[in-house]
Amino acid sequence: MKNLFNKLRGVERDAVQKPVEGEAPFYLPQGNEVEVFKAAYAKRLPVMLKGPTGCGKTRFLEHMAHVLDRPLVTVSCHEDLTSSDLVGRFLLEGEETVWQDGPLTRAVKEGAICYLDEIVEARTDTTVVIHPLTDHRRQLPIDKKSQIIDAHEDFMLVISYNPGYQTVLKDLKPSTKQRFVGLQFDYPKEDIERQIVKTESGGLDDALVDKLVAAGRKARGLKDHGLEEATSTRALCYAAELMNAGLSPMDACRAALIHPITDDPELVEALEEIFRAHF
Ligand code: ADP
């Protein structure tokens, strides 16, 4: 019953990744983001990762959490997410009410990196809760318990923000944005994207990687012609993995790069043409 309740309330949607022994998750830098992030962490400044979906923001953070040897608490924000989902709530257990910390509170106490992915999707009361964590106070107010807790010295707050998604009604306030160190991401340069696709696919043949990345970059150009989502690095990695699993290049492109991003027959045809010209 409690599990069901938690599920419905979204409590289980967050994930805690403890630092693991061994190599950091593979991440190929696009610029100086590793240095900037390390400097921000040294000063415990909150960071905002900006950029389109599937360009490597989450992977970057997984990599950095490993490098800095911090646990990573990830919360995928959605439109029903409230400040209680982040901070915690009283739950009924038998006859008793017990307090359960939310993911943000756990990260604040344990000294983890807390990643609020697409924070702008969440209810606006969530930004109120994070404000005192983003300045010199480094405090989390827990209104329901009339408590204010000081953040662990290793705690760090990171949010992601996709500038393409915002509308007039849904955007972060400038006063919230300017509390963060901003790191701008975009799809990687061609040679870097090739190396990423090669590695993520588990070593797809170089000639296929080159064609796939070249075609993907062409397809990305259709973003300005009606495609809502541009062809992401993630989608290119999926296509490469499917090819490596034995699918024909065109079938892999259809499955990973065409069907997931459009239902419009004209756009499907335009994308087909681009991929056919390469394979
Ligand atoms: P985002 O968080 O921006 O939506 P992700 O970090 O989930 O994107 O990236 C999607 C996938 O693309 C990753 O799982 C990884 O396979 C690949 N990827 C993208 N950029 C990089 C990079 N710079 N280095 C390594 N892998 C990358």
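Rules used in this analysis
- Residues numbered from 1 in each chain as written.
- Predicted model: local features only at pLDDT ≥ 70, side-chain atom pairs only at ≥ 80, totals over all residues.
- Heavy atoms only, no water.
- Buried < 20%, exposed > 50% of the residue type's maximum accessible area, 1.4 Å probe, protein only.
- Helix = DSSP H or I, 4+ residues; strand = E, 2+ residues; numbered from the N terminus.
- Pairing = 2+ DSSP bridges.
- Salt bridge = Lys/Arg side-chain N within 4 Å of Asp/Glu carboxyl O.
- Expected span 1.5 Å × (residues − 1).
- Arc of directions from axis to C-beta.
- Contact = heavy atoms within 4.5 Å.
- Phe/Tyr/Trp six-rings, centres within 6.5 Å; stacked < 30°, edge-to-face > 60°.
- Lys NZ or Arg CZ within 6 Å of the ring centre and 35° of its normal.

(A) Representation of the pairing of strand β9 (residues 156-161) in the model. Taking burial as the measure, the six residues of β9 include six buried ones, the bulk of the element. Of the two faces of β9, both are covered, the one formed by Met 156, Val 158 and Ser 160 as well as the one formed by Leu 157, Ile 159 and Tyr 161. Relative to β9, strand β2 (residues 47-50) runs parallel, the two being bridged by four bridges. When the bridges of β9 are listed, Met 48 appears paired with Ile 159. Sheet topology places strand β6 (residues 113-117) next to β9; four bridges connect them, and they run parallel.

(B) Geometry of the pattern of salt bridges. If you walk through the whole model with that rule in mind, you get 19 salt bridges. The closest approach of N and O atoms between Asp 85 and Arg 89, which form a salt bridge, is 3.0 Å. One salt bridge connects Arg 194 with Glu 190, and the closest N-O pair in it is separated by 3.7 Å. Of this pair, Arg 194 and Glu 190 both sit in helix α8 (residues 190-200), four residues apart, which is roughly one turn of the helix. The exposure class assigned to Arg 194 is partly exposed, which follows from its relative accessible area of 29%. Through salt bridges with shared partners, one network takes in Glu 190, Glu 193, Arg 194, Asp 210, Arg 217 and Arg 220.

(C) Region of interest: helix α12 (residues 265-278). With 14 residues, α12 ought to run about 20 Å at 1.5 Å a step, and its terminal C-alpha atoms sit 20 Å apart, in line with that. For α12, the set of buried residues is Leu 267, Val 268, Leu 271, Glu 272, Ile 274 and Phe 275. Buried residues in α12, looked at end-on, bunch into an arc of 165°, giving them a common side. Opposite its buried face, α12 presents the exposed residues Pro 265, Glu 266 and Ala 277, each directed more than 90 degrees away. The inward-facing, buried residues of α12 abut α9 (206-220) and α11 (249-258).

(D) Representation of the packing of aromatic side chains. Scanning all chains against the criterion turns up four aromatic pairs. Centroid distance Phe 37 to Phe 60: 5.5 Å. Interplanar angle 90°. Geometry classified as edge-to-face. Taken as a pair, Phe 37 in helix α2 (residues 33-42) and Phe 60 in helix α3 (residues 57-67) lie far apart in primary sequence, 23 residues in all. Taken together, the ring pairs connect Tyr 27, Phe 37, Phe 60 and Phe 185 into an aromatic cluster. One Lys or Arg, Arg 44, reaches over the ring of Tyr 41 and ends 4.0 Å from the middle of that ring. Above the face of the Tyr 187 ring, Arg 220 is positioned so that its terminal group lies 4.1 Å from the ring centre.

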